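# What the coordinates show
Residues per chain are reported as follows:
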Amino acid sequence: MLRLAAVLFLLISATLMGVGIVAVLVAGYGTTVPILAAAAVGFVLALPVSWKVAQAIY
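Residues numbered from 1 in each chain as written. Predicted model: local features only at pLDDT ≥ 70, side-chain atom pairs only at ≥ 80, totals over all residues. Heavy atoms only, no water.

### Examining the overall build of the protein
Definition in use: Each helix is a run of DSSP H or I of at least 4 residues and each strand a run of E of at least 2, with the numbering of both proceeding from the N terminus. Here the radius of gyration uses the C-alpha set of atoms, whereas the globule reference equals 2.2 Å times the residue count to the power 0.38. Each residue's exposure class comes from its accessible area (1.4 Å probe, protein chains only) as a fraction of the maximum for that residue type: buried when under 20%, exposed when over 50%, partly exposed otherwise. What makes two residues a contact is simply this: any of their non-hydrogen atoms within 4.5 Å.
Helices and strands together make up the secondary structure of the protein, namely 2 helices and 0 strands. Taking 10 Å as the expected radius of gyration for a compact globule of 58 residues, we find that the protein reaches 13 Å, considerably beyond that expectation. Referenced to the eigenvectors of the C-alpha coordinate spread, the extents of the protein come out at roughly 40 × 15 × 15 Å. Residues counted as buried form 22% of the 58 residues belonging to the protein. Sequence-distant contacts, at least 24 apart, represent 75% of the contacts inside the protein between residues at least 6 apart.

So, in structure tokens, the structure goes:
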């Protein structure tokens, strides 16, 4: 199940980071720090999400 979670993590983290970056840009924060913070939050948030999705699939 760890391998499945790792593959899902690649897809889910890219999606969550992209959503976070778009949300930050739409909110009007166009500097480097908010964009990197949104990407980092999406990356960290993807860990439990991918694990739960892998459990549901497995």
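### Things to note about the environment of R3
With respect to the secondary-structure elements, R3 resides in helix α1 (residues 2-26). On a C-alpha basis, the gap between R3 and V53 in space is 12 Å, while along the polypeptide they are 50 residues apart.

### Focus on the nonpolar core
Where we set the bar: The set of buried Ala, Val, Leu, Ile, Met, Phe, Trp, Tyr and Cys residues whose side-chain atoms join them within 4.5 Å is what this entry labels a nonpolar core.
In terms of nonpolar packing, the biggest core is built from 6 residues, these being A5, L8, F9, I12, A46 and A54. Among the elements that take part in this core, α1 stands out by supplying 4 residues, more than any other. Residues contacting I12, with those up to four places away along its chain left out, are A46, V49, S50 and V53.

### Things to note about the packing of α1 against helix α2 (residues 32-57)
To keep things clear, this is the line we draw: Fitting a line to C-alpha atoms yields each axis, with helices limited to the stretch in contact; the angle taken between N-to-C directions then spans 0 to 180 degrees. Handedness of a helix crossing follows the sense of rotation of the near helix relative to the far helix, less than a right angle counterclockwise being left-handed and clockwise being right-handed. In the scheme used here, Gly and all other residues not listed as nonpolar or charged are polar, with Ala, Val, Leu, Ile, Met, Phe, Trp, Tyr, Cys and Pro taken as nonpolar and Asp, Glu, Lys and Arg as charged.
Running from amino to carboxyl end, α1 crosses α2 at an angle of 145 degrees, the nearest separation of the two axes being 6 Å. Classified by chirality, the crossing of α2 by α1 is right-handed. Of the residues assigned to the contact of α1 with α2, the class counts are 24 nonpolar, 4 polar and no charged.

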